[in-house]
Amino acid sequence: MPVADTRHGPIEHVVIDGDPSRSPLVFLHGGLGCVAAWGRFPAAVAAATGRRALVYSRPGNGGSGPAKSPHTVRYMHEQGQLFLPELLDLLGIDNPVLIGHSDGGTTALLYASVRPAEAVVVMGPHLYFEEANRTGIEAARTAYETGPLYRKLALVHDDPHGVFTNWSELWLSDEFRSWSIENDLDVTAPVLMIQGDRDEYGTLGQLDALQRAVRGPVRRLVPEGVDHYPHLVRPDLVIGAITGFLAEHATGLPATGRTR
């Protein structure tokens, strides 16, 4: 797998072929995700939309280099507004379509608040801390400590313990209870927001907050009977929604020379 050398260390990534004249897709994984954890979903979206795609693992996740420090309450800001711009500049990517899951959705929104994005797709994003977050993560911690979740993470991460510990300890910390990005958003790009009605890590109040915060076109999709992973549980539905949304709201043209 190709590796990009950044100030944060080596970053594993995959580039999927597509029309080079159109703005590419950039996939941002959740707290426990990585390139491999996406499965076939990014390639399927790239094929359906005809666009190139970048899929990468954050520092500490997958086969990327280790995280240089534990997560802080600002880590999604840092990922979206410092690290991701550096990576995209390094790879020559401008005006992307951001597709983010969970923490990656939050990161996508923070990126689109400071840099041009043609469109943003978020699945199970987090805009503020709520007790559903704590309940879901405590259940995940039990699954990790008893073995099933650890074994699953060990299949796709070089350091599964570091990935789980960095993620869970931050979200379960007392200082994270007041965390919110609602006042930090300045998103004018079109936003497609997707969340299962059985999401174990958050309520639909997260989508309500996002709809209030963004200034561009917004579309909401709430698949019934779906948990925190709509792209894995209902991939055809999600891919169809993304394809239709981009056909309506995204030109596909690079933004070189464009200003916000």
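I will try to describe carefully the structure that is included in this document.

Considerations on the side chain of Glu-12
At step 1: Along the chain, the position of Glu-12 falls in strand 2 (residues 9–16).
At step 2: Look at Glu-12: it is buried, it has no salt bridge, and the nearest opposite charge is Arg-58 at 11 Å.
At step 3: In this structure the side chain of Glu-12 is engaged in a polar contact, spanning 2.6 Å, whose partner is the side chain of Ser-57.
At step 4: Apart from the residues lying within four places of it in its own chain, the contact partners of Glu-12 are Met-1, Pro-2, Val-3, Val-35, Val-55, Tyr-56, Ser-57, Asn-61, Gly-62, Gly-63 and Ser-64.

Thoughts on the environment of Leu-54
At step 1: Relative to the elements of secondary structure, Leu-54 occurs in strand 4 (residues 53–56).
At step 2: Classification of Leu-54 as buried rests on a relative accessible area of 1%.
At step 3: Taking the C-alpha atoms as reference points, Leu-54 and His-13, separated by 41 residues in sequence, lie 7.0 Å from one another.
At step 4: With near-sequence residues (within four places) excluded, Leu-54 lies in contact with His-13, Val-14, Val-15, Leu-25, Val-26, Phe-27, Leu-88, Leu-91 and Ile-93.

Some thoughts on helix 1 (residues 41–49)
At step 1: Residues of helix 1 that are buried: Phe-41, Pro-42, Val-45, Ala-46 and Thr-49. Seen from one end, helix 1 has its buried residues packed into an arc of 135 degrees, which puts them on one side.
At step 2: Where helix 1 ends, the next residue or the one after it, Gly-50, has phi of about 75 degrees, a positive value.

Rules behind the numbers
Residues numbered from 1 in each chain as written. Predicted model: local features only at pLDDT ≥ 70, side-chain atom pairs only at ≥ 80, totals over all residues. Heavy atoms only, no water. Helix = DSSP H or I, 4+ residues; strand = E, 2+ residues; numbered from the N terminus. Buried < 20%, exposed > 50% of the residue type's maximum accessible area, 1.4 Å probe, protein only. Lys, Arg positive; Asp, Glu negative; His and termini not counted. Salt bridge = Lys/Arg side-chain N within 4 Å of Asp/Glu carboxyl O. Polar contact = N/O pair within 3.5 Å; in protein donor to acceptor, adjacent residues only side chain to side chain. Contact = heavy atoms within 4.5 Å. Arc of directions from axis to C-beta.

Spatial relationships are all this shows, so hold off on functional conclusions.
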